[in-house]
Amino acid sequence: MRKQIAAANWKMNLTLQQGETLIDELLSTPHELTENQLAIFAVPFPYLISIKNKLAGKKNVFVAAQNCNNKKSGAYTGEVSAEMLKSIGIQYVVLGHSERREYFSESNAMLAEKVNICFENGMVPVFCCGEPLAIREVDTQNSYVETQLKESLFHLTAEQLTGFIIAYEPIWAIGTGKTATSGQAQEMHAHIRSVLAAQYGNTVADSISILYGGSVKASNAKEIFGKPDVDGGLVGGASLIAAEFAAIINGLK
Ligand code: PEP
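Description of the structure in this document. (Residues numbered from 1 in each chain as written. Predicted model: local features only at pLDDT ≥ 70, side-chain atom pairs only at ≥ 80, totals over all residues. Heavy atoms only, no water.)

### Considering unusual backbone geometry
Its identity as a non-glycine residue notwithstanding, Lys11 has a phi of 50°, on the positive side. Within the element layout of this structure, Lys11 appears in the loop between strand S1 (4-9) and helix H1 (16-27). Although it is not a glycine, Asp139 sits at a positive phi angle of roughly 60°. Position of Asp139 among the secondary structure elements: in the loop between helix H6 (133-137) and helix H7 (141-153). (Helix = DSSP H or I, 4+ residues; strand = E, 2+ residues; numbered from the N terminus.)

### Details of the pattern of salt bridges
Overall, the coordinates contain 12 salt bridges when judged by the stated rule. The shortest N-O distance in the salt bridge between Glu35 and Lys59 comes to 2.9 Å. Here Glu35 is found in the loop between H1 and strand S2 (37-42), whereas its partner Lys59 is found in the loop between helix H2 (48-54) and strand S3 (61-65), with 24 residues between them in sequence. Lys59 shares its class with Glu35; the two are exposed. Between Asp231 and Arg193 there is a salt bridge, with its nearest N and O atoms 2.8 Å apart. (Salt bridge = Lys/Arg side-chain N within 4 Å of Asp/Glu carboxyl O. Buried < 20%, exposed > 50% of the residue type's maximum accessible area, 1.4 Å probe, protein only.)

### Brief notes about the layout of surface pockets
In this model, the largest pocket occupies a volume close to 550 Å³. Lining of the largest pocket is provided by 20 residues; of these, Lys11, Met12, Gln66, Arg100 and Phe104 occupy positions nearest its centre. The biggest single contributor to the lining of the largest pocket is helix H4 (residues 98-103), with three residues. Classifying every residue of the lining of the largest pocket by side-chain character gives 10 nonpolar, six polar and four charged. Here the second largest pocket defines a volume of roughly 200 Å³. Lining the second largest pocket are 18 residues, and of these Gly175, Ser215, Val216, Gly236 and Gly237 lie nearest its centre. Across the lining of the second largest pocket, the residue classes tally to five nonpolar, nine polar and four charged. (1 Å grid on protein atoms, 1.4 Å probe; cavity = no way out; pocket = protein on both sides within 12 Å on 5 of 7 lines; lining within 4 Å. Points joined across faces, edges and corners; volume = space filled by probe spheres on them. Nonpolar A, V, L, I, M, F, W, Y, C, P; charged D, E, K, R; others polar.)

### Concerning the site of the ligand
Around the ligand sit 14 residues, and of these Lys11, Glu169, Gly175, Ser215 and Gly236 come closest. Asn9 places a side-chain nitrogen or oxygen 3.2 Å from an oxygen atom of the ligand. The separation between an oxygen atom of the ligand and a polar side-chain atom of Glu169 is 2.6 Å. Taken by itself the ligand offers 290 Å² of open surface, and the protein chains cover 96% of this. (Near = heavy atom within 4 Å. Polar contact = N/O pair within 3.5 Å; in protein donor to acceptor, adjacent residues only side chain to side chain. Areas by Shrake-Rupley, 256 points an atom, 1.4 Å probe, with all protein chains shown as cover.)

### Looking at the packing of H7 against helix H9 (residues 182-200)
When two helices pack together, their arrangement is captured by the angle between the axes and the distance separating the axes. Here H7 crosses H9 at 45°, and the two axes come no closer than 10 Å. The pairing of H7 with H9 is recorded here as oblique in orientation. As H7 packs across H9, the resulting crossing turns out to be right-handed. Residues Gln141, Asn142, Val145, Glu146, Leu149 and Leu153 of H7 lie in contact with H9, whose contacting residues are Met188, His191, Ile192, Val195 and Tyr200. The residue inventory of the contact of H7 with H9, partitioned by class, reads seven nonpolar, three polar and one charged. (Axes fitted to C-alpha atoms, helices over the stretch in contact; angles between N-to-C directions. Parallel < 35°, antiparallel > 145°, perpendicular 65-115°, else oblique. Left-handed = near helix turned anticlockwise from the far one by under 90°. Contact = heavy atoms within 4.5 Å.)

### Side note on the nonpolar core
Counting residues in each nonpolar core, the largest one holds 68 residues, and the members touching the most others are Phe41, Leu149, Ile166 and Ile192. With seven residues, H9 is the largest single contributor of residues to this core. If we skip the residues at most four places from it in the chain, Phe41 touches Ala8, Trp10, Ile23, Leu26, Leu55, Val61, Phe62, Val63, Ala64 and Phe245. (Core = buried A, V, L, I, M, F, W, Y, C linked by side-chain atoms within 4.5 Å.)

### Focus on the packing of aromatic side chains
This model, assessed by the stated rule, comprises five aromatic pairs. Aromatic side chains Phe62 and Tyr92 sit 5.2 Å apart centroid to centroid with 65° between the ring planes, which places their arrangement in the edge-to-face category. Here Tyr92 lies in strand S4 (residues 92-95) and Phe62 lies in strand S3, a separation of 30 residues in the sequence. On the accessibility criterion, Tyr92 (11% relative accessible area) is buried. Above the face of the Phe104 ring, Arg100 is positioned so that its terminal group lies 4.2 Å from the ring centre. (Phe/Tyr/Trp six-rings, centres within 6.5 Å; stacked < 30°, edge-to-face > 60°. Lys NZ or Arg CZ within 6 Å of the ring centre and 35° of its normal.)

This is the structure we're talking about:
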């Protein structure tokens, strides 16, 4: 049975103290993770160790990096390598968020390298994909997302993709308050799974957790996550409010 996941993306928000307070508040807000559910906190690089230590011993709870560099090491001032993340015990890395694609020119080819280097270091990527508004308006989102998957993931083996995590995040719904309907989410998630099944077979496709991202909040999480191909969410704004994120965790199947 594939994992159901609530992933928080703090982006470039909060001081360390604010982040620690948020975790304290969340831990004291009723929420429950069953055996098959995970909570992942993608926090800024400088907080990874502190937040990881704070969450130590909490079952099914992990921290994630929000990015890593595609190169192994070297003269890349200001960058963080996969090996560095591994050395501090990080298990998950968010890759290809639309903000990184847009503001830092991350291409599908570069993301394929990032995915590889994460695997080389034993970490699982949370691979983001999703179309801009202009693509949705002309109804070509399926082929757009398919190309993102093919160019960044389809060199991987079935073994690597088994239990993988993909986040479908329509760009027009990120941070805009405009959520895709649960029907639109399900439609794209089913498409993504069928593209994966065509390449790797049903067993692999059915093992992959496909999260929805785009203005998920306490009030809409349960309905969106209730769709058969939606396996949880990648959450920006609402993950910065303890009560909201606790309710989102409780909305997991
Ligand atoms: C995100 O950052 O991945 C995201 C989906 O943001 P928001 O929930 O704020 O739309």
